[in-house]
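Summary of structural features
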Amino acid sequence: MRMERSDEILVNRAQAGDAVAFGQLLERHYDMILRLGYRMLGSQSLAEELAQDVCCALPKKLGSFRGDAKFTTWLYRVTINAAKDILRKQKSRETAQQGWGDMFEMQQHDASEKAQDRAWLAQAMNSLPTDLHETLILTLTEDMSHAQAADVLGVPTGTISWRVSEAKKHLRALAQAEEAYP
Amino acid sequence: MSTELDRLAKALKAAKPGENPDRKAEILALARKKFDAAQETAVQPRPIHKPTQNASGIWTGVINMFRSINLRPALYATTALGVGGLAVILTIPLIDRPYGQFDVADMPAPVELKAVPKDEYAGRTRTDSALAPAPVPQKQLKENILLDGSALSDNKVKKRDLAAKTAAKPQSVVTVTPNNQPTVFAESEASGVLSRAIESDRLATMSQSIVDPETSILPNPDASGETFANETPNPLKIVTDEPVSTFSIDVDTASYAYVRSAIQGGSLPAAAAVRIEEMINYFPYNYPTPDMSKAPFSTQVSVFQTPWNKNTKLLHIGIQGAKPEIDNRPPLNLVFLIDTSGSMNSANKLPLLKQSFRLLLNSLRPSDKIAIVTYAGSAGTVLQPTAASEKDKILNSLEHLSAGGSTAGQAGLRQAYALAETMQSDNSVGRILLATDGDFNVGISNPEELKSFVEEKRNSGVYLSVFGFGRGNYRDDMMQTLAQNGNGVAAYIDTLSEAQKVMVDQVSGALFPIANDVKIQVEFNPDLIAEYRLIGYETRALNREDFNNDAVDAGEIGAGHTVTAIYEITPVGSPAIKNDALRYKKRTVSSDTPNEYGFLKLRYKLPGETKSKLITTPIAAVSTEPGQEARFAAAIAGFGQLLTKSKYLGDWDMQQNIALANASKGDDLFGYRAEAIQLMRLANSLK
């Protein structure tokens, strides 16, 4: 009988000092961390910085993982919090480029449809407040239910639903502005 | 769902990070080191392992039994023998299990370790992945190393060759090919699981076939062809023979960034690439701000006990340049001289360079002027002098650069100087910013010739800063020559955050010189000091008579720069004195020498002046409790010396050095120091 070892078993092992199990956990979830980071921060280098922060903090953080939630839920939470830290740091450094802003600038010159899509995305992401931003990433791209997203973000499910509807309004307003001043 | 939300979902899903296996491997390796380090310092007891599946009862019992024994040494001694035999039987059929698959979901430790995932180190060219992450008992490790003998001795021979070359021709340039590095990963303290002993058993039997220099990891496959300028470390001097030490200051930082990039790439830097003064000066220190009415910089001297030798002292000299008055700084005339030769055509070169210059552009003023000259095969002016306010125009020219052709460095330099000279006006500061991987393969390719050219041009009042990019054929010696002789700074840029540090955070320092030709001379008092040694500054040594000769060039200090120099000094009568007193030497003890360890003299010229000014400071013969800044500088000096395997460190090791750096980290607003400590940890695991 062959089966993939569950995250929980690997975590258990890693907590007991098993470096191999820890390595497997990293390998398994690195892409998720990077992807989430990229969508939160809008830049490759910031996403990699985030991945490094999260991966390097994991050995310590794992100690506080009690198994009350699924490991992935917990890891999503850790990653999103770390991304917010980076956003805060970015803001406190006046000269620093803001992730999505940077990308927006980079894509502007490129006329292809894909590039325009991304420019629009960057603009949209930039204009959304962080809490709507993270909610949308979890529900739209990580295919989470409102309940799951609520779990990750530590808010009631109703809050998630409210945020999604806020985001819709926001995007509609943006679309109208776009039509008014193309 | 609204159409806007649909559109956003589609666009967001399409926004995927690029794949970057090298960076991923680097991050994962870092995290593993962290994990190992956490195990070393972990506070017992560990959580008891609870099997969640019906694991084999015998194994659970055995594991629990060994888990309950706390005395690790006893555990190794007794279990390695007893279980080794069992393990051989159990492990062989499991070696080639695919990733993440196991017979029983939660099999006990010894068996799992055999089934190390094949792609544990995916993205690297390692074939012996099973070797990597498991900590191995020290005793076993030695055996393992012995068995690795072939690879190791190869490397030793190389190192010796290198050392011999360096010793024979101190001025020569050493080419380092970091292949065949023995990569002994499993060296951290064992973490006390029974399986480790078995693992090492297998290691011992496998290692001979595993370590094959051809196929084993090549940390920087493109790192050949790099040349470095360095000289043999400063030797210990006897004060009675040579009481005076003279050198030029150095505010370059290139070596630190290079060392960092090597270590993060998984290999220790060649000793020739480590210039300790550049590592020390990479960090901003919080020295007292100068009183501008006296000199453009402040000098601080302190003496304290050497961390790595209780019988010697460190003489710490800290220089702080005046902070720039950003509001009414003179306008800048910048000529970007950009290498667009074929060798620049990789992500960490030309593209990073463009991004770096964009960062710089953002911090310029409308009154500043910019021109761009490129060289590749032939040199050409891409952008005539343009006001920094015309950002679009400048960005546009930057964007349209592309790499190709060979490198006509000399022609490019000539053109850049010519252009810079036409841009000069009253009270503006002219500077050429040369961005290259240092591969000057057309025209002047001899550092000496290039040096005299830049020296000649220096008098035109145009400064030259050199920014090194990329690895592969990075010509560090060339960059050093250019920057040192062009009254400028050299920095190595490997990431955008480094560009941020060099170009923006410290741009004022790099672009506004406040003192030129700064030289330091220390005269030691033979009554109190027996021996001394300057740590670093090997490439900056000056002759004693050069100090007062204003025609001899030296380093410049930019606005806000800090410069640190450290001597290790041995007081008279200390048991640490290495040289016996001479039997026939006449020794006069003068009764009226003041109670001073020595006398510090500094010479500098104000920008635009040709006559130097002198500052003197006596070094009182008192030891003090070192300040945080001095201690951190000492920790970096220790780090550099550990990397160059200095013979003066005794049994001082990286762990002690990390503790020293950690204790003196201070506020560390930008995280530079935390990063250095991280590097020390990483280097420690690479040894």
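Residues numbered from 1 in each chain as written. Chains lettered and ligands numbered in written order. Predicted model: local features only at pLDDT ≥ 70, side-chain atom pairs only at ≥ 80, totals over all residues. Heavy atoms only, no water.

The next point concerns the overall build of chain A. Looking only at helices and strands, chain A has 9 helices and 1 strand in total. For chain A, the sequential pattern of α-helices and β-strands runs β-α-α-α-α-α-α-α-α-α. Here chain A holds 182 residues, and the buried ones make up 53% of them. Of the contacts formed within chain A by residues at least 6 apart in sequence, a portion of 58% connects residues at least 24 apart. Counting only carbon and sulfur atoms, one obtains 49% of the accessible surface of chain A, whose full area is about 8,300 Å². (Helix = DSSP H or I, 4+ residues; strand = E, 2+ residues; numbered from the N terminus. Buried < 20%, exposed > 50% of the residue type's maximum accessible area, 1.4 Å probe, protein only. Contact = heavy atoms within 4.5 Å. Areas by Shrake-Rupley, 256 points an atom, 1.4 Å probe, with all protein chains shown as cover.)

Turning our eyes to something else, we now look at the confidence of the model for chain A. A low pLDDT score tells you not to read the predicted coordinates there in detail. On average, chain A scores 80 in pLDDT, and the residues at 70 or more come to 83%. Low pLDDT (under 50) marks residues 104-108 of chain A, which in the prediction has 8 contacts with non-local residues, meaning those over four places away or in another chain. (pLDDT = per-residue confidence, 0-100.)

Residue and element names in this part refer to chain A. Residues of helix α8 (residues 146-153) that are buried: Ala149, Ala150, Val152 and Leu153. The buried residues of α8 occupy an angular sector of 160 degrees when projected down its axis, which confines them to one face. Just beyond α8, the residue with positive phi is Gly154, at close to 65 degrees. (Arc of directions from axis to C-beta.)

Residue and element names in this part refer to chain B. In contact at an axis separation of 10 Å, helix α11 (residues 350-362) and helix α12 (residues 391-399) are set at 170 degrees when each is read in the N-to-C sense. Judged on the interaxial angle alone, α12 and α11 are roughly antiparallel. On α12, the residues touching Lys354, Phe357, Arg358, Leu361 and Asn362 of α11 are Lys391, Ile394, Leu395, Leu398 and Glu399. Among the residues forming the contact of α11 with α12, the class breakdown is 5 nonpolar, 1 polar and 4 charged. (Axes fitted to C-alpha atoms, helices over the stretch in contact; angles between N-to-C directions. Parallel < 35°, antiparallel > 145°, perpendicular 65-115°, else oblique. Nonpolar A, V, L, I, M, F, W, Y, C, P; charged D, E, K, R; others polar.)

Below, the discussion takes up unusual backbone geometry. The backbone of Asp143 of chain A sits at a positive phi, close to 50 degrees, despite the residue not being glycine. Among the secondary structure elements, Asp143 of chain A is positioned in the loop between α7 (130-141) and α8. With a phi close to 65 degrees, Tyr537 of chain B is a non-glycine residue in the positive phi region. Turning to its location among the elements, Tyr537 of chain B is positioned in the loop between β15 (529-535) and β16 (555-558).

Using the criterion set out here, one finds 23 salt bridges over all chains in the structure. The partner of Asp252 of chain B in a salt bridge is Arg540 of chain B, with the nearest N and O atoms 3.8 Å apart. Linking Asp252 of chain B in the loop between β5 (244-248) and α9 (254-264) with Arg540 of chain B in the loop between β15 and β16, this pair joins segments that are 288 residues apart in sequence. For Asp252 of chain B, a relative accessible area of 0% translates into the label buried. On the basis of relative accessibility, which here comes to 7%, the residue Arg540 of chain B falls in the buried class. Between Arg358 of chain B and Glu399 of chain B there is a salt bridge whose closest N-O contact spans 3.3 Å. Of this pair, Arg358 of chain B sits in helix α11 while Glu399 of chain B sits in helix α12, and the two are 41 residues apart along the sequence. Using a relative accessible area of 16% as the deciding quantity, one classes Arg358 of chain B as buried. When salt bridges that share partners are traced, they join Glu27 and Asp31 of chain A together with Lys24 of chain B into one network. (Salt bridge = Lys/Arg side-chain N within 4 Å of Asp/Glu carboxyl O.)

Attention now moves to the packing of aromatic side chains. Per the counting criterion, the structure on display carries 19 aromatic pairs over all chains. Relative to Phe35 of chain B, the ring of Phe22 of chain A lies with its centre 4.4 Å away and its plane at 15 degrees, an arrangement referred to as stacked. Residue Phe22 of chain A is found in helix α2 (residues 19-41), and its partner Phe35 of chain B is found in helix α2 (residues 21-41); the two belong to separate chains. According to the relative accessible area criterion, Phe35 of chain B is buried, its value standing at 2%. Consider the rings of Phe524 of chain B and Tyr567 of chain B, whose centres lie 5.2 Å apart with planes at 80 degrees: the pair is edge-to-face. Here the residue Phe524 of chain B occupies a position in strand β14 (residues 513-524), and Tyr567 of chain B occupies one in strand β17 (residues 562-571), the gap between them amounting to 43 residues. With respect to class, Phe524 of chain B is no different from Tyr567 of chain B; both count as buried. Among the aromatic residues, ring-to-ring pairing joins Phe247, Phe524, Tyr532, Tyr537 and Tyr567 of chain B into one connected group. In this structure, Arg673 of chain B packs its charged tip against the face of Phe632 of chain B, placed 4.4 Å from the ring centre. (Phe/Tyr/Trp six-rings, centres within 6.5 Å; stacked < 30°, edge-to-face > 60°. Lys NZ or Arg CZ within 6 Å of the ring centre and 35° of its normal.)

Let us look at helix α20 (residues 672-686) of chain B. The end-to-end C-alpha distance of α20 of chain B is 21 Å, a good match for the 21 Å that 15 residues give at a rise of 1.5 Å each. Most of α20 of chain B is tucked away: 12 of the 15 residues are buried. (Expected span 1.5 Å × (residues − 1).)

Residues and elements named next belong to chain B. Of all 7 residues that make up β15, 7 are buried, and the element is covered over most of its length. In this structure, strand β4 (residues 237-238) lies alongside β15, joined through 2 bridges in antiparallel fashion. Bridge assignment links Ile238 to a residue of β15, and that residue is Glu531. Pairing of β15 with β17, which is carried by 6 bridges, proceeds in the antiparallel orientation. In the strand pairing of β17, Ile529 is matched with Pro571. (Pairing = 2+ DSSP bridges.)

Time to look at the sheet that holds β15 of chain B. Residue and element names in this part refer to chain B. Strand order across the open sheet formed by 5 strands is β4-β15-β17-β7-β6, with antiparallel pairing between neighbours. For this open sheet the edge positions go to β4 and β6 (297-306), each flanked by a neighbour on one side alone. Those strands touched by helix α18 (residues 628-643) are β6, β7 (309-321), β15 and β17, and its axis lies near 75 degrees from that of β17.

Moving on to the confidence of the model for chain B. Residue and element names in this part refer to chain B. Taken over all residues, the pLDDT of chain B has a mean of 71, while the share at 70 or more is 65%. Considering only residues more than four positions removed or in separate chains, one finds that residues 43-224, a stretch of pLDDT under 50, has 268 contacts. Here the prediction assigns the complex a pTM of 0.48, and the interface score ipTM is 0.84.

With that settled, consider the packing of helix α19 (residues 654-663) of chain B against α20 of chain B. Residue and element names in this part refer to chain B. The geometry of α19 relative to α20 is characterised by a closest axis approach of 10 Å and an angle of 170 degrees between their N-to-C directions. On the basis of their axis angle, the class for α19 and α20 is roughly antiparallel. For the pair α19 and α20, the contacting residues are Met654, Gln655, Asn657, Ile658, Ala661 and Asn662 in the first and Ile677, Met680, Arg681, Ala683 and Asn684 in the second. Among the residues forming the contact of α19 with α20, the class breakdown is 6 nonpolar, 4 polar and 1 charged.

Time to look at the nonpolar core. In terms of nonpolar packing, the biggest core is built from 67 residues, with Phe357 and Tyr567 of chain B touching the most fellow members. Counting residues per element, this core draws most heavily on α11 of chain B, which supplies 7 residues. Residues Ala82, Leu140 and Val152 of chain A together with Ala9 of chain B belong to the second largest nonpolar core, which totals 65 residues. (Core = buried A, V, L, I, M, F, W, Y, C linked by side-chain atoms within 4.5 Å.)

Let us now look at the side chain of Gln320 of chain B. Residue and element names in this part refer to chain B. Here Gln320 is to be found in strand β7. Accessibility expressed as a relative area gives 1% for Gln320, which makes it buried. Among residues more than four places away in sequence, those in contact with Gln320 are Tyr285, Tyr287, Pro288, Thr289, Pro290, Pro296, Phe297, Ser298, Gly560, His561 and Thr562.

This brings us to the environment of Met40 of chain A. Structurally, the position occupied by Met40 of chain A is in helix α2. Judged by its relative accessible area of 2%, Met40 of chain A is buried.

This brings us to the environment of Asp250 of chain B. Residue and element names in this part refer to chain B. Along the chain, Asp250 turns up in the loop between β5 and α9. With 31 residues separating them in the primary sequence, Asp250 and Asn281 have C-alpha atoms 7.9 Å apart. With near-sequence residues (within four places) excluded, Asp250 lies in contact with Glu277, Glu278, Asn281, Tyr537, Arg540 and Val563. A distance of 2.9 Å separates the side chain of Asp250 from the backbone nitrogen of Asp252, its partner in a polar contact. A polar contact of 3.3 Å, which involves the side chain of Asp250, links it to the side chain of Arg540. (Polar contact = N/O pair within 3.5 Å; in protein donor to acceptor, adjacent residues only side chain to side chain.)

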